[in-house]
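What the coordinates show
Chain by chain, the residues run as shown.
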Number of protein chains: 2
Amino acid sequence: MDIQAIKQLLADKFDLHMQNQNHYVEAFTHSSYKNENRRKHLVDNERIEFLGDAVLDLQVSRYLYLHYTDMPEGDMSRLRALIVREESLAKRCKECGFDQFLRLGHGEESSGGRTRESLLCDLFESVLGAIYLDLGIDAVEHFLEITIYPKIKSGYFNRQVDAKTALQEELQKNGNIQLDYQLIGEEGPAHDKRFKVAVELDGDIIGEGKGRSKKAAEQAAAQSALDAQRANQADDKH
Amino acid sequence: MDIQAIKQLLADKFDLHMQNQNHYVEAFTHSSYKNENRRKHLVDNERIEFLGDAVLDLQVSRYLYLHYTDMPEGDMSRLRALIVREESLAKRCKECGFDQFLRLGHGEESSGGRTRESLLCDLFESVLGAIYLDLGIDAVEHFLEITIYPKIKSGYFNRQVDAKTALQEELQKNGNIQLDYQLIGEEGPAHDKRFKVAVELDGDIIGEGKGRSKKAAEQAAAQSALDAQRANQADDKH
């Protein structure tokens, strides 16, 4: 493992100055490498990933609590799930350039493990665990201020929320409601169809949307209803 | 809400000195109370509980990582789940005496909400969230050193692990295996029966146990097999 290169990367990219390299050796060792080198008595990154996962959950929860002071618990929970989901963390891992330094077993390497999302996600959390143990929670916070928080701020994750679920929950605040999604039109040739869907609340159309599938059109309809709903709420406040 | 009494309790019992009472007002307000007092524009404890839950998860993870340096990730994960599960945290909440100070709605109060486990568990996590926001992570750690860690140290939670699951996972490390639990005896009168169960691996009996139910006897058999297994491993190391 090129621990000097990892040290350099953390210093250059994140202004983090490694103290105890053992934590990073642990974080950058995949179980497949350990299993192929049993005599070396190595420690793989499963335990430190368990810790890093919890560190990330807390820091993201704290960020949402402090920055979205009006957001209900359910929405914070959904937003956090989007931020820390496998696909998202695998992307962050590659953006950071951690993947190139992971010690992988031959079998795992030849089957494409180095680009597998679950493995990259685990590696990202493992490195977080190492930073936490080596440099403390403030260093983790500093690292997340570069890698994760700007994306939250930009609304990158909000756009991925399921609009139908969000609409249902938004309207349900005032008691149980029934939403109906109606297909109200189709256009275009078979290979390039557009569907048009309306969402109804108690028989009243509260949103319409188009999409390449019925599912996408329903999401678009729900989003338009949500936007209208939120615009109304903003008006009410003024 | 008797915030002075809460302040006193935290100081007397945990040597924690409240700075900003707003966090505790939030933590000790149940949604049912908020809903019955809409004009007061109160904040309930759902958001701060979300935060407290993550704080607890991290600190317990950290404790397990640092104190059980040989424990595999799967076992840490199971042990943590036992420590932070609803029933466990509800007990801790009552031990701390937090339940008496919660602001509850009339409906919730009259239906026995103040003794409901889910509500007490949420309250415990909410108070953790308040301590974290008000006094920082070191104060949380100090609080857990009094309320939770001694119980982990004493093995209080380990004894609650499902022995059948633990045995299955222990043996599966070396490939897929099939365990069979056989009832091999019953004794005593109908109202005071004892069951005897053997657990077999590939036809060999690897453990036996007795219990007042078949389920309990299976657990006892699995535990005896686990104990034998671990004794063997200990021998191998010497």
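No experiment lies behind these values; they were computed from the predicted model shown.

1. Describing the sheet that holds strand β3 (residues 204-211) of chain B
All names here are of chain B. Read from one edge of the open sheet, three strands run β1-β2-β3, paired in antiparallel fashion. Edge positions in the open sheet fall to β1 (179-187) and β3, since each of these has one partner strand only. On average, adjacent strands in this sheet sit at an angle of 25° to one another, irrespective of strand direction. Bridge count for β1 against strand β2 (residues 194-201) is eight bridges, and the pairing is antiparallel. Considered in β2, the bridge of E186 is made with F195.

2. Quick word on the interface of chain B and chain A
Taken together, the contact between chain B and chain A spans 27 residues of the former and 27 residues of the latter. For the pair chain B and chain A, the summed buried surface comes to about 2300 Å²; carbon and sulfur atoms form 67% of the total. Ranking the residues of chain B by area buried against chain A places R47, F50 and Y65 of chain B at the top, with a combined share of 39%. Here chain B and chain A share zero salt bridges between them. Run the count over chain B and chain A and you get ten residue pairs in polar contact (both at pLDDT 80 or more).

3. Remarks on helix α8 (residues 117-135) of chain B
Every α-helical turn comprises 3.6 residues, leaving residues that sit three or four positions apart pointing alike. Residue and element names in this part refer to chain B. Look at α8: 27 Å from first C-alpha to last across 19 residues, which is about the 27 Å you get at 1.5 Å a residue. Buried residues dominate α8, accounting for 14 of its 19 residues. At the exit of α8 stands G136, carrying a positive phi of roughly 90°.

4. Let's talk about the domain arrangement of chain A
Its domain assignment divides chain A into domain 1 (3-160) and domain 2 (163-237). Between the C-alpha centres of domain 1 of chain A and domain 2 of chain A there is a distance of 36 Å.

5. With respect to the side chain of S61 of chain B
Relative to the helices and strands, S61 of chain B is located in helix α4 (residues 46-67). At 2.5 Å, the side chain of S61 of chain B and the backbone oxygen of D57 of chain B are in polar contact. A distance of 2.7 Å separates the side chain of S61 of chain B from the side chain of R80 of chain B, its partner in a polar contact. In this view, S61 of chain B contacts F50, L51 and A54 of chain A together with R80 of chain B; residues no more than four positions away in its chain are not counted.

6. Some details on the UniProt feature "domain: DRBM" (unreviewed entry) in chain A
Per the UniProt record, the feature "domain: DRBM" (unreviewed entry) sits at residues 162-231 of chain A. The span residues 162-231 of chain A is 40% helix and 36% strand, and its two end C-alpha atoms sit 19 Å from each other.

7. Quick notes on the pairing of β2 of chain B
All names here are of chain B. With respect to burial, β2 is a largely interior element, six of its eight residues being buried. Between β1 and the antiparallel strand that follows it, β2, lie six residues; G188 among them carries a positive phi value of about 90°. Note: β2 against β3, seven bridges, orientation antiparallel. By the bridge assignment for β3, K196 is matched with K210. Counted between consecutive antiparallel strands, the loop separating β2 from β3 contains two residues, among which D202 sits at a positive phi close to 50°.

8. Brief notes about the UniProt feature "binding site: Mg(2+)" (unreviewed entry) in chain A
Residues and elements named next belong to chain A. According to UniProt, the "binding site: Mg(2+)" (unreviewed entry) feature falls on E49, D122 and E125. The greatest C-alpha distance among the residues just named is 6.1 Å, despite their covering 77 residues of sequence, which places them together in space. Positionally, E49 belongs in helix α4 (residues 46-67). For E49, the residues in contact, after removing those within four places along its chain, are D122, E125 and S126. As for its position among the elements, D122 is in helix α8 (residues 117-135). In this structure D122 comes out as partly exposed when scored by relative accessible area, which is 28%.

9. With respect to the sheet that holds strand β2 (residues 194-201) of chain A
Backbone-to-backbone hydrogen bonds join strands into a sheet, with any given pair of strands oriented parallel or antiparallel. Residues and elements named next belong to chain A. The strand order β1-β2-β3 describes an open sheet built from three strands, whose pairing is antiparallel. Among the strands making up the open sheet, the edge pair consists of β1 (179-187) and β3 (204-211). Along the sheet, successive strands turn relative to each other by an average axial angle of 25°, direction set aside. Taken strand by strand, helix α11 (residues 163-172) contacts β1, β2 and β3, and its axis lies near 140° from that of β1.

Analysis parameters
- Residues numbered from 1 in each chain as written.
- Chains lettered and ligands numbered in written order.
- Predicted model: local features only at pLDDT ≥ 70, side-chain atom pairs only at ≥ 80, totals over all residues.
- Heavy atoms only, no water.
- Pairing = 2+ DSSP bridges.
- Helix = DSSP H or I, 4+ residues; strand = E, 2+ residues; numbered from the N terminus.
- Axes fitted to C-alpha atoms, helices over the stretch in contact; angles between N-to-C directions.
- Contact = heavy atoms within 4.5 Å.
- Buried area = accessible area lost by both parts, 1.4 Å probe.
- Salt bridge = Lys/Arg side-chain N within 4 Å of Asp/Glu carboxyl O.
- Polar contact = N/O pair within 3.5 Å; in protein donor to acceptor, adjacent residues only side chain to side chain.
- Expected span 1.5 Å × (residues − 1).
- Buried < 20%, exposed > 50% of the residue type's maximum accessible area, 1.4 Å probe, protein only.
- Domains from an automatic or database assignment.
- UniProt positions renumbered as here; feature names shortened; annotations may be inferred.

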